[in-house]
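Below are the chains, spelled out letter by letter.
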Amino acid sequence: MAVHVLAVLAYKEGDPVTSGMLAGSVNTNPVIIRRLLLSLQKARLVETRKGAGAGSRLSRSPGRINLAQVYRAVEEAEPFATPARKANTACPVGHCIRETLSRVFASAESALERDLEKTTLAGVITMIKTACPAAVKKTG
């Protein structure tokens, strides 16, 4: 959802976009969009204004925002979680499974972030325009 919202803001090229318009594009409630925008604002990816000229816009060019930054801004939960219950430490597997999985999952998350760093928001917009040029003209 965050990438969708940022893509709309990128497509609008600096024009302020209301949470209602963003919610219409994502097909969700504006309250959900406002919460998401707060996270994106904390990460300094968007700026939001109230009053005259109300709306949100990107805080920098789409070419300077990569998907790893977006991921870090909105993902609170660990993508790979170890079981909540403690394993039986008398078992040879149970004794080391948490530590082992923690290393494996940390490596996987690091690889995910490295891959996301390769794609910018500008690249996403280019892919959208290439994939469905007629639909892009209707945005907003």
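Being a predicted model, the structure only gives us computed values, none of them experimental.

Caption draft 1: Just the pattern of salt bridges, in detail. Under the counting rule described, the total for this entry stands at four salt bridges. When the shortest N-O distance is used, the salt bridge between E113 and R72 registers 2.7 Å. Placement of E113 in helix α5 (residues 92-117) and of R72 in helix α4 (residues 67-74) is noted, with a sequence separation of 41 residues between them. You can call R72 partly exposed: its relative accessible area is 43%.

Caption draft 2: Representation of the pairing of strand β2 (residues 55-58) in the model. The sheet contact formed by strand β1 (residues 46-49) and β2 spans four bridges and is antiparallel. Across the sheet, the residue bridging to R49 is G55, located in β2. Where β1 folds back onto β2 in an antiparallel hairpin, the turn is made up of five residues, including G51, whose phi is positive at roughly 80 degrees.

Caption draft 3: Spotlight on the nonpolar core. In this structure, V5, L6, L9, L22, L40 and L58 are the most contacted members of the largest nonpolar core, which totals 23 residues. When residues of this core are traced back to their parent elements, those giving at least two are α1 (2-11), α2 (19-26), α3 (30-42), α4 and α6 (121-131). At seven residues, α1 tops the list of elements feeding residues into this core. Ignoring any residue separated from it by four or fewer positions in sequence, one finds L6 in contact with L40, V46, L58, V70 and L121.

Caption draft 4: Broad picture of the packing of α4 against α5. Relative orientation of the contacting elements α4 and α5 amounts to 130 degrees, with a least axis distance of 6 Å. Overall, the two elements α4 and α5 adopt an arrangement that is oblique. Every residue of α5 that contacts α4 at L67, A68, Y71 and R72 is listed here: E109, L112, E113, L116 and E117. A class-by-class count of the residues in the contact of α4 with α5 yields five nonpolar, no polar and four charged.

Caption draft 5: Main features of the side chain of S19. You can see S19 is positioned in helix α2. What S19 contacts, discounting residues up to four positions off in sequence, is P30, I33, R34 and L37.

Caption draft 6: Representation of α6 in the model. Those residues of α6 not exposed but buried are L121, V124 and I125. Seen end-on, α6 carries its buried residues on one side only, within an arc spanning 100 degrees.

Caption draft 7: Fine view of unusual backbone geometry. You will see that N27, though not glycine, has its phi angle at about 70 degrees, which is positive. Looking at the secondary structure, you find N27 in the loop between α2 and α3. Residue N27 is classed as exposed on the basis of its relative accessible area, which comes to 71%. Look at R44: it is not a glycine, yet its phi comes out positive at around 60 degrees. Checked against the element boundaries, R44 lands in the loop between α3 and β1.

What counts as what
Residues numbered from 1 in each chain as written. Predicted model: local features only at pLDDT ≥ 70, side-chain atom pairs only at ≥ 80, totals over all residues. Heavy atoms only, no water. Salt bridge = Lys/Arg side-chain N within 4 Å of Asp/Glu carboxyl O. Helix = DSSP H or I, 4+ residues; strand = E, 2+ residues; numbered from the N terminus. Buried < 20%, exposed > 50% of the residue type's maximum accessible area, 1.4 Å probe, protein only. Pairing = 2+ DSSP bridges. Core = buried A, V, L, I, M, F, W, Y, C linked by side-chain atoms within 4.5 Å. Contact = heavy atoms within 4.5 Å. Axes fitted to C-alpha atoms, helices over the stretch in contact; angles between N-to-C directions. Parallel < 35°, antiparallel > 145°, perpendicular 65-115°, else oblique. Nonpolar A, V, L, I, M, F, W, Y, C, P; charged D, E, K, R; others polar. Arc of directions from axis to C-beta.

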